[in-house]
Amino acid sequence: TGVIAISGGTAGYHSLVLKSDGTVWAWGRNTDGQLGDGTNTSSNVPVQVSGLTNVIAIGGGEYHSLAIKNDGTVWAWGKNSKGQLGNGTTVNSNVPVQVSGATGIVAIAAGRYFSMALKSDSTVWTWGENQYGQLGNGNTTDSSVPVQVSGLTDAIAISGGAFHSIAIKNDGTLVSWGRNSYGNLGDGTTNNSSTPVTVLSITDVTAIAGGTNYTLAMTSTNNVYAWGRNANGQL
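The paragraphs below set out a description of the structure included in this document. Quantities reported herein were computed from a predicted structural model and do not represent experimental measurements. (Residues numbered from 1 in each chain as written. Predicted model: local features only at pLDDT ≥ 70, side-chain atom pairs only at ≥ 80, totals over all residues. Heavy atoms only, no water.)

Along its length, the chain carries 0 helices and 19 strands. For 235 residues, the compact-globule estimate of 2.2 N^0.38 gives 18 Å, and the chain sits close to it at 16 Å. Projecting the C-alpha coordinates of the chain onto the three principal axes gives extents of approximately 45 × 35 × 35 Å. Scored against the burial criterion, the 235 residues of the chain give a buried share of 51%. Accessible surface for the chain amounts to roughly 9,400 Å². Of this, 47% is attributable to carbon and sulfur atoms. Counting 10 positive and 12 negative side-chain charges, the chain places the centres of these two groups 7 Å from one another. (Helix = DSSP H or I, 4+ residues; strand = E, 2+ residues; numbered from the N terminus. Rg over C-alpha atoms; globule rule 2.2 N^0.38 Å. Buried < 20%, exposed > 50% of the residue type's maximum accessible area, 1.4 Å probe, protein only. Areas by Shrake-Rupley, 256 points an atom, 1.4 Å probe, with all protein chains shown as cover. Lys, Arg positive; Asp, Glu negative; His and termini not counted. Charge placed at Lys NZ, Arg CZ, Asp CG, Glu CD.)

Following this line, the structure appears as structure tokens:
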């Protein structure tokens, strides 16, 4: 009860809620500590994330979880094989650890094995897996600490797909980067990109969401657009 935000693990098997008292609760799969309760035991009822208070936002990856505290710091827990916890290691943690150097954060998002943060200065920072360029820093090297997305200084919202990233710019246009095998970057190609590319033919965007190789956007006129993989009718 008293829930003010929810998040599901991206392409994953656990759920998160943020309560009005600033605590976070989780349930589902916990093989990698993604429930954050100090155990690796899965739970079919909500358990409290250990030692985490004053939280204002949450996000879930496939096997890891994220939270922003009211001081603008970011905390993460769960699987860390690609550095997606952002604490400079690749060691899993079943309790929250602080993301290195992440301050002034106002929004977070997670992909399958990577994480994203939007700072108050409208820059975007990423960490974790970078096989397809989903960190957006111009290379394909994984990073266990936050790196800045190249050339993006006017973002107002972010979202992570399984292997790609999306951001709304302050003019209502979209950019995306990472895996593009199914056209999920929306730039008219199927070429991966390790830096942001402009999503074609869509403006006045107010909300975004990334799936596994597809993307969704809503505009100010409440129209919804989709692009990318459509094998199961996801568009």
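After that view, the rundown keeps rolling.
Direction of pairing for strand β13 (residues 155-160) relative to strand β14 (residues 164-169): antiparallel, over a ladder of 5 bridges. Residue Gly 160 lies in a different strand from β14, and its bridge partner there is Ser 165. Hairpin connection, β13 to β14: the antiparallel pair is bridged by 3 residues. (Pairing = 2+ DSSP bridges.)

As a further point, take the pattern of salt bridges. Under the counting rule described, the total for this entry stands at 2 salt bridges. For Arg 112, the salt bridge is made with Glu 62, and the minimal N-O distance between the two is 2.3 Å. Note that Arg 112 is positioned in the loop between β9 (105-110) and β10 (114-119) and Glu 62 in the loop between β5 (55-60) and β6 (64-69), a separation of 50 residues in sequence. Overall, the relative accessible area of 26% leaves Arg 112 in the partly exposed class. (Salt bridge = Lys/Arg side-chain N within 4 Å of Asp/Glu carboxyl O.)

In the structure, Arg 112 is positioned 83 residues away from Thr 195 in sequence and 18 Å away in space, judged by C-alpha atoms. In this structure, Arg 112 is in contact with Thr 10, Gly 61, Glu 62, Tyr 63, His 64, Gly 161, Ala 162 and Phe 163, ignoring residues within four places of it in sequence. Here the side chain of Arg 112 touches Glu 62 through a polar contact of 2.3 Å, side chain to side chain. (Contact = heavy atoms within 4.5 Å. Polar contact = N/O pair within 3.5 Å; in protein donor to acceptor, adjacent residues only side chain to side chain.)

A few words on the sheet that holds β10. One open sheet accounts for 4 strands, arranged β9-β10-β11-β12; its pairing is antiparallel. With partners counted over all chains shown, the strands left at the sheet margins are β9 and β12 (143-148), one partner each. Neighbouring strand axes in the sheet, compared pairwise and without regard to direction, differ in orientation by 20° on average. As paired strands, β10 and strand β11 (residues 124-128) are joined by 5 bridges and run antiparallel to one another. Looking at the pairing, Ser 115 lines up with Trp 127 of β11. (Axes fitted to C-alpha atoms, helices over the stretch in contact; angles between N-to-C directions.)

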